[in-house]
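So you can see what is in the structure, the chains are spelled out below.
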Amino acid sequence: MNKSEVNYLPYRKTADGRELNTLRNTRNYGLDILRVIAMLFIVAHHLTKSNIWGTVTESLLFKALSLNITAAFIDCFVIVGVNVFFLLSGWLKINLRAGKVVSLLAECWAIGIISVCLAAALDTAYYASFADAALDAVLFPFTHWFVPAYLLLCLLSPILNRITDNLSGKSALYALIVMLVIFCIVGFAGDYVYVNGMQDGGVTVKVSYTGTNAGYSVIWACVCYVTGRIIRMHPVHKLQKASVCFALYLLCCMVNFAVLCVTMAVFHDAEVTKWYIYCYNNPFTFVGSAFLLCAFAKVKVKESAGRFFAFLSAHTFAVYIIHSDNPFVTPYRDYILDIAEGNLLRQVQLLPFNTIALFIAGIAVSVLYFATIGLAVSRLCRYFKDKREKKLL
């Protein structure tokens, strides 16, 4: 979240469609806390997933205390992280600016180039030639599906904003229901084929009929964004207390885990479980994400604590970049996963420590970036913006 972004509660519109704040112009620090939690969830999910899946060859009764089940239980709670980020984008409303897109790409490239150089220098990643390392650095932002999906969401945001701004109460509800039926129910069931693939002449073919690709797509990002906008504009979150919304989030997680356990017990197939855990358009995962958003939208935070979380929130993007498929950090992730593999107690002990460690490292990298390269990029963008505005005058 940029420091300039402010949450207006409650949402109102004037006759000409402009947003109007009827109470106060303040920042909702509960959403900053949620963004921090969502990133911690994403890091925890990626640290956990490598040790979750093993072929289940026995009855679930004999696997109840296994590492697979324990890790899957954790994942049922933390898998909501990415959905929460897209929902928050809809709640806060993306206002497309060229400078924002340039800043995001510059941050990705800067961290990517530095990571590749460090990985090559310290021999933590193998590159056959300088050209291979350079190509890895250039393509770095696009090797993380979340980054191009978010950039495309930013480009599409003006259209999505116009659509949602023109929805009335009932039409918004109907649109939300239709959208979720198509992408979160039919799409979720159809994406089972995408996850497991079809056999065509001995070749596995993966097809996503709705384009949701198990939630790893710009289409699903748009669905989450529009949902966040509708919840924000038509205060669904005000129907229940924060504690009730949080309890409903926990309920969705537990139901998801129960369905997972039954499925593993019946099919004895770890691939089937991915249908329930790794799909962001899993109905339980998505509804749980929405309830978590509603819960934190109602959280009251003291100004001093709120500013601290707002600071962390502004730097969470770098956490994602350094912990996920980063050639410099990946060896560390592989190491801690190796020493925890097959050892339930050790994995449980290491998970929170390493999640927080990677989170702090990402925040530190982001702060350093914005104090140096990011500052230069910001000034350059401001220069071109001022120059363009002078031409228009």
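Counting from 1, residues in each chain are numbered in the order their sequence is written. Whole-chain, interface and lining totals are the exception, using all residues; otherwise, since this is a predicted model, local features are given only for residues with pLDDT of at least 70 and side-chain atom pairs are given and counted only at 80 or more. As a rule here, side-chain values come from all non-hydrogen atoms in the structure, and water together with hydrogens is ignored.

Q: Give a description of helix H8 (residues 218–233) that names residues and reports values.
A: Every α-helix winds through 3.6 residues per turn, so residues three or four apart in the chain are directed the same way. In this model, H8 (16 residues) spans 22 Å end to end at C-alpha, consistent with the 22 Å of a helix rising 1.5 Å per residue. Under the scheme applied here, a residue whose accessible area is under 20% of the maximum for its type counts as buried, over 50% as exposed, and between as partly exposed, the area being computed with a 1.4 Å probe on protein chains only. Only DSSP runs of H or I reaching four residues or more are called helices, and only runs of E reaching two or more are called strands; each is numbered from the N terminus. Where burial is concerned, most of H8 is hidden: 14 out of the 16 residues are buried. An expected span of 1.5 Å times one less than the residue number is assigned to each helix.

Q: Tell me about the side chain of Ser-366, and please be specific about residues and values.
A: Its place among the elements puts Ser-366 in helix H15 (residues 344–371). Within the structure, the side chain of Ser-366 is placed 2.6 Å from the side chain of His-315, a separation counted as a polar contact. A contact between two residues is defined here by any heavy atoms of the two lying within 4.5 Å. The residues contacting Ser-366, other than those within four sequence positions of it, are Glu-107, His-315 and Ala-318. By the criterion applied in these results, polar contacts are pairs of N or O atoms within 3.5 Å in which, for protein atoms, one can donate a hydrogen and the other can accept it, and in which residues neighboring in sequence qualify only through two side-chain atoms.

Q: I'd love a proper account of the packing of helix H3 (residues 81–92) against H8, names of residues and values included.
A: In this analysis an axis means a line fitted to C-alpha atoms, helices contributing only their contacting stretch, and an angle means the value between N-to-C directions, from 0 to 180 degrees. Where H3 meets H8, the closest approach of the two axes is 6 Å, and the angle between their N-to-C directions is 50°. As judged from the angle between their axes, H3 and H8 are oblique. Between H3 and H8 the crossing geometry is right-handed. Contacts between H3 and H8 involve Asn-83, Phe-86, Leu-87, Ser-89, Gly-90 and Trp-91 from the former and Trp-220, Ala-221, Cys-224, Tyr-225, Thr-227, Gly-228, Arg-229, Ile-231 and Arg-232 from the latter. Gly is placed with the polar residues, together with every amino acid not listed as nonpolar (Ala, Val, Leu, Ile, Met, Phe, Trp, Tyr, Cys and Pro) or charged (Asp, Glu, Lys and Arg). Residues that form the contact of H3 with H8 fall into these classes: eight nonpolar, five polar and two charged. Throughout, the term roughly parallel applies to angles under 35 degrees, roughly antiparallel to angles over 145, roughly perpendicular to angles from 65 to 115, and oblique to all others. With the far helix as reference, a near helix turned anticlockwise by less than a right angle produces a left-handed crossing, and one turned clockwise produces a right-handed crossing.

Q: Can you tell me about a positive patch on the surface, naming the residues and giving the values?
A: Each patch groups residues whose relative accessible area exceeds 30% and which form no salt bridge, using 9 Å between like charges and 5 Å between nonpolar side chains of Val, Leu, Ile, Met, Phe, Trp and Tyr. Accessible surface area values rest on a Shrake-Rupley calculation with a 1.4 Å probe, where residue burial reflects the displayed protein chains alone. Definition used for salt bridges: Asp or Glu carboxyl oxygen within 4 Å of a side-chain nitrogen of Lys or Arg. In this count, Lys and Arg are taken as positive residues and Asp and Glu as negative ones, while His and the chain termini are left out. By convention, the point assigned to a charge is CZ for Arg, NZ for Lys, CD for Glu and CG for Asp. A cluster of like positive charges, contributed by Arg-97, Arg-379, Arg-382, Lys-385 and Arg-388, occupies part of the molecular surface. If you trace the backbone, Arg-97 turns up in the loop between H3 and helix H4 (98–121). The class for Arg-97 is partly exposed, based on a relative accessible area of 40%.

Q: Talk me through the packing of aromatic side chains; I want residue IDs and the actual numbers.
A: To describe a pair of aromatic rings, you give the distance between the ring centres and the angle between the ring planes. Here a Phe, Tyr or Trp ring, Trp counted by its six-membered ring, pairs with any other such ring whose centre lies within 6.5 Å, and the pair is stacked when the planes are under 30 degrees apart, edge-to-face when over 60, and tilted otherwise. Scanning the model with the defined rule gives 17 aromatic pairs in all. Both rings, one in Trp-109 and one in Phe-142, keep their centres 6.2 Å apart while their planes meet at 70°; by these two values the pair is edge-to-face. Within this pair, whereas Trp-109 is found in helix H4, its partner Phe-142 is found in the loop between helix H5 (130–138) and helix H6 (146–165), the two being separated by 33 residues in sequence. Owing to a relative accessible area of 43%, Phe-142 belongs among the partly exposed residues under this scheme. Between Trp-145 and Phe-146, the ring centres sit 6.1 Å apart and the planes meet at 85°, which makes this aromatic pair edge-to-face. On the basis of relative accessibility, which here comes to 6%, the residue Phe-146 falls in the buried class. Taken together through their ring pairs, the aromatic side chains of Phe-85, Phe-86, Trp-145, Phe-146, Tyr-150, Tyr-216, Tyr-280 and Tyr-320 make up a single cluster.

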